[in-house]
Amino acid sequence: MAAEKKEAFLMTADETLASYQTNLENGLNDDQVKERLEKYGKNKLEEGKKTSLIKKFLLQFKDFLILVLIVAAIISGLLGEISDTLLILIIVVVNAIIGVIQENKAENAMESLKKLTIPEAEVIRNGQKQMIPSINLVPGDIVCLDAGDRIPADGRIIESAALQVQESALTGESVPVEKNADNITNPKTPLGDRLNYLFMSSVVTYGRGKYIVTGTGMETEIGNIAGMIQGTKQSQTPLQKSLAQLGKTLAIGALAACAIIFIVGMLRGGDPLMMFMTAVSLAVAAIPEGLPAIVTVVLALGTQRLVAKHAIIRKLPAVETLGCASVICTDKTGTLTQNKMTIKKVYANEGIVNAEEIKEDGFTASEKFVVRIGQLCNDASIVQNEVKQIEIGDPTEVAMVQYAGDLGFNKDISLEKAPRMDEIPFDSDRKLMTTVHRYENTWLSFTKGAPDVLLDRCTEYLKGYEVLPFDEIAKEEVRKANELMANDAYRVLGYAFQQFYEQPDTTMELLEHNLIFVGLTGMIDPPREEVKKSIEECHNAGIKTVMITGDHKNTAIAIAKDLNIYQQDSVALSGTELEEMSDNQLDKIIDKVAVYARVSPEHKVRIVDAWQRKGDVVAMTGDGVNDAPALKKADIGCAMGITGTDVSKEASDMILADDNFSTIVSAVREGRGIYNNIKKAVHFLLSCNIAEILILFIATLVGWDQPLLPVHILWINLITDSLPALALGVEKNSDHIMEAKPRKQTESMFSNGLGGRIIFQGVVLSIISLFVFYYGVTKFGLTEGRTMVFAVLGLSQLTHVLNVRSERESVFNKYLFTNKYLWGAIGISMFLQLIVILVPGLRSFFNVAALDLREWWIIVGASLTPLLVVEITKIIRRLFSEREGQ
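Within every chain, residues take consecutive numbers counted from 1 along the sequence as written. Local features in this predicted model are restricted to residues of pLDDT 70 or higher, and side-chain atom pairs are both shown and tallied only at a pLDDT of 80 or more, whereas totals for entire chains, interfaces and linings draw on every residue. Computation of side-chain values covers all heavy atoms of the structure but excludes hydrogens and water.

**Some words on the overall build of the protein**
Then, in step 1: Strands are runs of DSSP state E lasting at least 2 residues, helices are runs of H or I lasting at least 4, and numbering of each runs from the N terminus. When helices and strands are tallied, the protein shows 32 helices and 26 strands.
Then, in step 2: Per-residue burial over the protein gives 55% buried out of 886 residues.
Then, in step 3: Residue pairs at least 24 apart in sequence account for 72% of intrachain contacts in the protein once pairs closer than 6 positions are excluded.
Then, in step 4: When the accessible surface of the protein is totalled, it reaches about 38,600 Å², and 56% of it is carbon and sulfur. Working definition: with a 1.4 Å probe on protein chains only, accessible area under 20% of the residue-type maximum means buried, over 50% means exposed, and in between means partly exposed. We call two residues in contact when some of their heavy atoms are within 4.5 Å. Areas reported as accessible are Shrake-Rupley estimates using a 1.4 Å probe. Residue values count occlusion only from the protein chains shown.

Shown next, in the form of structure tokens:
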């Protein structure tokens, strides 16, 4: 077919009919339908290849740290440590189950897309109109449309009568588009400007029409998006990368320590089996078994806190990923703006005034007439029910009714005083609408429409209560006002009227000529009031905000300037301009591009790709079907909860329940806090594990008896490690958390000196413990020495947890008692640690001895020593930082 060589929107109506071998009166016959169903298939979306539940479950175990834990569990089992084995296996299985649940939720995106297909369509076949299942539509079918119908497939318009279509699910823009059968010659025309073309899942809001189906199923624009969703692969989150690196580091370190212990032991003439078991015990001690569970719990707690801030997290790692977001690509309509057309400017009495000023200062006769005409020459209405305000009709007309209501004009009362007697409906060709009203003993006709058309129909204009001749000089002033508002991205409408003393004939010649011009209104979808502050906060936090919209460039720039997204050196690109750029050209200027206008779904994915090539972590917000591929491609996809389609929600990582850009800032703050808290938990766990490794390692090297038995290590790892580490996960965020720049994806969890501090603090804990062991064995005996080191290591870790709350600030600051959960964890862990030493029955199980008062004083002093040592190092760090700052 010729259709394969030339896109349907570029064909004339006759060319389209000829290309698809059909005609407007008869449509296709049964043989043609059968042949095309075999060739093109059903009008439905294909499903991607699904991964089986078992395979999904097994894939959860590919994480390096999880593999290390499984090996540790197996070895523990071989050594007889069954409880250790069971604990580790429970942790990894629970994590795998959570992962499978999250993946299943993500796959629902395709199911939501399929819901957008329409059950039935009215077509012309065999010369007759008939209703058929839309799944049986084929290219060449003639479809008939009326107001309220959903578009069942893509196609070229053949006939239209005042046809308006809501395409917000596809383009993201809320205002219905006027469609027609006119020819388009530019092959680079963006989707939103293809006025002679219809897209599956759009809704007819006004008028009627006929069109020829040119694309079904996966060949529609919705099908194209479905293919993009299926083809988009999600990359690892920064946290997953950090934990994978951590797992490898731990495994390599543990294996190296095992090898050294085994070799040294053999060289010293030790028993090979004993040396092997000692080395394996050390390897098990090196792995923080609770870390994956702690990370999961900390992320889950973060998601619960975000629910209260109107952010719903669908995928657990997403909440932390937001913390390192460096770019937020956001839709304009409904996210940055209110998704509600609002009158902001009024032109009357030869001057433009802010709409708000009329509310505050009262209005003149001309301004009052503008409001009255806008309210009465109008098919929209606003109904208040028990729950919320319901807006019925075109958003532009709703804005007029709302503005009149704000000024105290009730539409129902207005219609009682001046009932509508007749009308000439809006027509996209003449771009006007006229209504006729009876008012007392006279008749009034009200006309509204495009200013350029309306001005040519006016011969007089209203100034105050005077009607003056509308000469070219006066008209030029109105044109300048129209141009001024249009350049500022306002949607401008003109208003005029006539007065009759008997009921006029309802003809365009009479009612829409020789009009009295009254004024203009400029309306826009205004920015949300709180968004400007949020964008400024993002800027201070080193996060770039980029607007991506299906709207026109001028409108987008006007909103972007108002919100300080678009700066003096910023660049705005249209979809057509972006199309002509190579990836290299885009990469060179992407830092300066603040606005993308009239973009397609492919463009959005390309923009995300470009930022990701630079190493940035990209958050993408959106609500339409058109946003779904980019939401899935982005590091963090944020869908709108109120206006968002099911498709966008299912493709996202997070849903903004209040559709508010400002909620993202709260989520970023929480994400940064969560990452910091996970780092604190890792800091605490590893410094404690390093201490355990060094205690065993050094004791073996110097030929001492083992200071700690396996049961001691397991107890400390479970009780004095895990509970405080969990409590660190709910540490309150620093007041300065949004003043730091985003961290890079490649940044190690051990950067900025954390690795060195972990090792140093582990060494401090181990030296203290070994000193106590040596002293205890020398003075009191082996069992007493082991008991003392067991108590010191457990209790010193509980004081050490206070050290890791801040890298620089002293423990003894205003935040000391802000985390009640941490103090609760310390109390519980201390109680359990003491009870196994003090209770006779438990002493025998743990192979520990009863201690006297002198031994307990040594334990208390040694347990507080890490706190003192780290406090001294923090003071030294602060002094050096102050000197460098001078």
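**Observations regarding the side chain of Thr-521**
Then, in step 1: With respect to the element layout, Thr-521 can be found in strand β20 (residues 515-524).
Then, in step 2: Within the structure, Thr-521 has its side chain in polar contact with the side chain of Tyr-495 (distance 2.7 Å).
Then, in step 3: Look past the residues within four positions of Thr-521 in its chain and what remains in contact with it is Ile-343, Lys-345, Val-346, Val-370, Arg-491, Val-492, Leu-493 and Tyr-495. Side-chain atoms alone can form a polar contact between residues adjacent in sequence; in general such a contact is a pair of N or O atoms within 3.5 Å, and within protein one must be able to donate a hydrogen while the other accepts it.

**Some details on the sheet that holds strand β22 (residues 571-574)**
Then, in step 1: Two strands pair under a simple rule: DSSP has to find at least two bridges between them. As summarised here, the arrangement of the eight strands in space is β8-β26-β25-β24-β9-β21-β23-β22, forming an open sheet in which the pairing is mixed. Each having just a single partner strand, β8 (311-313) and β22 make up the two edges of the open sheet. Averaged over all pairs of adjacent strands, the angle between strand axes in this sheet comes to 20°, irrespective of strand direction.
Then, in step 2: Looking at chain direction, β8 and strand β26 (residues 654-656) are connected through three bridges and run antiparallel. Paired with Ile-312 across the strands is Ile-655, a residue of β26. Here an axis means a line fitted to C-alpha atoms, over the contact stretch when the element is a helix, while the angle between two N-to-C directions is reported on a 0 to 180 degree scale.

**Describing the packing of aromatic side chains**
Then, in step 1: In this scheme Phe, Tyr and Trp rings, the latter by its six-membered ring, pair at centre separations within 6.5 Å, and the angle between planes marks the pair as stacked below 30 degrees, edge-to-face above 60, and tilted otherwise. Tallying each qualifying case throughout the model produces eleven aromatic pairs.
Then, in step 2: Summarising the aromatic geometry, the rings of Tyr-775 and Phe-780 are spaced 6.2 Å apart at their centres and angled 75° between planes, so their arrangement reads as edge-to-face.
Then, in step 3: Remark: a charge is flagged as sitting over a ring if the NZ atom of Lys or the CZ atom of Arg is within 6 Å of the ring centre and within 35 degrees of the ring normal. Over the ring of Tyr-675 we find Arg-743, and its NZ or CZ is 3.2 Å from the ring centre.

**With respect to the environment of Ala-496**
Then, in step 1: Within the fold, Ala-496 resides in strand β19 (residues 491-500).
Then, in step 2: Sequence spacing of Ala-496 and Gly-374 is 122 residues, and the spatial spacing of their C-alpha atoms is 9.8 Å.
Then, in step 3: When residues no more than four places from it in sequence are discounted, the contact partners of Ala-496 are Ile-373, Ser-445, Phe-446, Thr-447, Leu-454, Cys-458, Leu-515, Ile-516, Phe-517 and Val-518.

**What to know about the packing of helix α26 (residues 661-702) against helix α29 (residues 782-803)**
Then, in step 1: Following both chains from N to C, one finds α26 and α29 inclined at 150°, their axes separated by 10 Å at the closest point. Between α26 and α29, the interaxial angle falls into the category roughly antiparallel. Viewed along their axes, α26 and α29 form a crossing whose handedness is right-handed. Residue-level contacts link Phe-684, Ser-687, Cys-688, Ala-691, Glu-692 and Ile-695 of α26 to Leu-793, Gln-797, His-800 and Val-801 of α29.
Then, in step 2: Of the residues in the contact of α26 with α29, the class split is six nonpolar, three polar and one charged. When an angle is under 35 degrees it counts as roughly parallel; over 145 it counts as roughly antiparallel; between 65 and 115 it counts as roughly perpendicular; any other value is oblique. Here a crossing is taken to be left-handed if its near helix is turned anticlockwise relative to the far helix by less than a right angle, and right-handed if that turn runs clockwise. Throughout, the ten residues Ala, Val, Leu, Ile, Met, Phe, Trp, Tyr, Cys and Pro are labelled nonpolar, Asp, Glu, Lys and Arg are labelled charged, and all others, Gly among them, are labelled polar.

**Description of helix α2 (residues 30-40)**
Then, in step 1: Residues Gln-32, Val-33 and Arg-36 constitute the buried set of α2. Along α2, the residues classed as buried sweep out an arc of 100° about the axis, all on the same side. Of the residues in α2, the exposed ones pointing more than 90 degrees away from the buried face are Asp-30, Asp-31, Lys-34, Glu-35 and Glu-38.
Then, in step 2: The secondary structure elements touched by the buried residues of α2 are β1 (120-125).
Then, in step 3: The N-cap residue of α2 is Asn-29: its side-chain oxygen and the backbone nitrogen of Asp-31 are 3.1 Å apart. Our arc is simply the arc of the directions from the helix axis toward the C-beta atoms.

**With respect to the nonpolar core**
Then, in step 1: One finds Phe-517, Met-654 and Phe-790 to be the most contacted residues of the largest nonpolar core, which totals 124 residues.
Then, in step 2: Residue contacts for Met-654: discarding those within four places in its chain leaves Ala-311, Ile-312, Ile-313, Arg-314, Leu-322, Ile-636, Gly-637, Cys-638, Ala-639 and Ala-667. For our purposes a nonpolar core is just a set of buried Ala, Val, Leu, Ile, Met, Phe, Trp, Tyr and Cys residues, chained together by side-chain atoms within 4.5 Å.

**Observations regarding the pattern of salt bridges**
Then, in step 1: A carboxyl oxygen of Asp or Glu within 4 Å of a side-chain nitrogen of Lys or Arg is what we treat as a salt bridge. Scanning all chains against the criterion turns up 27 salt bridges.
Then, in step 2: The closest approach of N and O atoms between Arg-757 and Glu-807, which form a salt bridge, is 3.0 Å. Taken as a pair, Arg-757 in helix α28 (residues 754-780) and Glu-807 in the loop between α29 and α30 (820-838) lie far apart in primary sequence, 50 residues in all.
Then, in step 3: Residue classification places Arg-757 among the buried residues on the basis of a relative accessible area of 13%.
Then, in step 4: The class of Glu-807 is partly exposed, set by a relative accessible area of 34%.
Then, in step 5: A cluster of three or more residues bridged by salt bridges with shared partners is formed by Asp-456, Glu-472, Glu-476 and Arg-479.

**Some details on a nonpolar patch on the surface**
Then, in step 1: The residues that make up patches have over 30% relative accessible area and no salt bridge, and they are joined within 9 Å when like-charged or within 5 Å when they are Val, Leu, Ile, Met, Phe, Trp or Tyr. On the surface, Ile-260, Ile-698, Leu-701, Val-702, Trp-704 and Tyr-774 cluster together to form a nonpolar patch covering roughly 500 Å² of accessible area.
Then, in step 2: In terms of residue count, α26 provides more of the nonpolar patch than any other element does, three residues in total.
Then, in step 3: By secondary structure assignment, the location of Val-702 is in helix α26.

**Focus on the pairing of strand β13 (residues 389-392)**
Then, in step 1: With four bridges connecting them, strand β12 (residues 381-384) and β13 associate as antiparallel partners. Bridge pairing in β13 links Gln-384 to Gln-389.
Then, in step 2: Counting the residues that bridge the hairpin from β12 to β13 gives four residues.

**Examining α30**
Then, in step 1: In this model α30 runs 27 Å from its N-terminal to its C-terminal C-alpha over 19 residues, within 8% of the 27 Å that 1.5 Å per residue would give.
Then, in step 2: For α30, the complete set of buried residues consists of Leu-822, Ala-825, Ile-826, Ser-829, Gln-833, Val-836 and Ile-837. Buried residues of α30, seen end-on, are gathered within an arc of 105° and therefore sit on one face of the element. Structural note: α30 exposes Lys-820 and Phe-831 on the side pointing more than 90 degrees away from its buried face.
Then, in step 3: Its side-chain oxygen at 3.1 Å from the backbone nitrogen of Tyr-821, Asn-819 defines the N-terminal cap of α30. A helix is expected to reach a length of 1.5 Å times the quantity of its residues less one.

**Focus: the pairing of strand β17 (residues 458-463)**
Then, in step 1: Relative to β20, β17 runs parallel, the two being bridged by three bridges. Across the sheet, residue Glu-460 finds its bridge partner in β20, namely Ile-516.
Then, in step 2: When β17 meets strand β18 (residues 466-469), the two strands line up antiparallel, connected through four bridges. Within β18, the position partnered with Glu-460 by the bridge is Pro-469.
Then, in step 3: The turn joining β17 and β18, which pair antiparallel and follow one another in sequence, is formed by two residues; a positive phi near 65° is taken by Gly-464.

**Quick look at unusual backbone geometry**
Then, in step 1: We note that Ser-201 has phi near 85°; this positive angle belongs to a residue other than glycine.
Then, in step 2: Tracing the backbone shows Ser-201 in the loop between β6 (197-198) and β7 (203-215).
Then, in step 3: Under the relative-accessibility criterion, Ser-201 is labelled buried at 5%.
Then, in step 4: Residue Glu-350 is not a glycine yet carries a positive backbone phi of 65°.
Then, in step 5: Tracing the backbone through its elements, the reader meets Glu-350 in the loop between β10 (342-348) and β11 (351-354).

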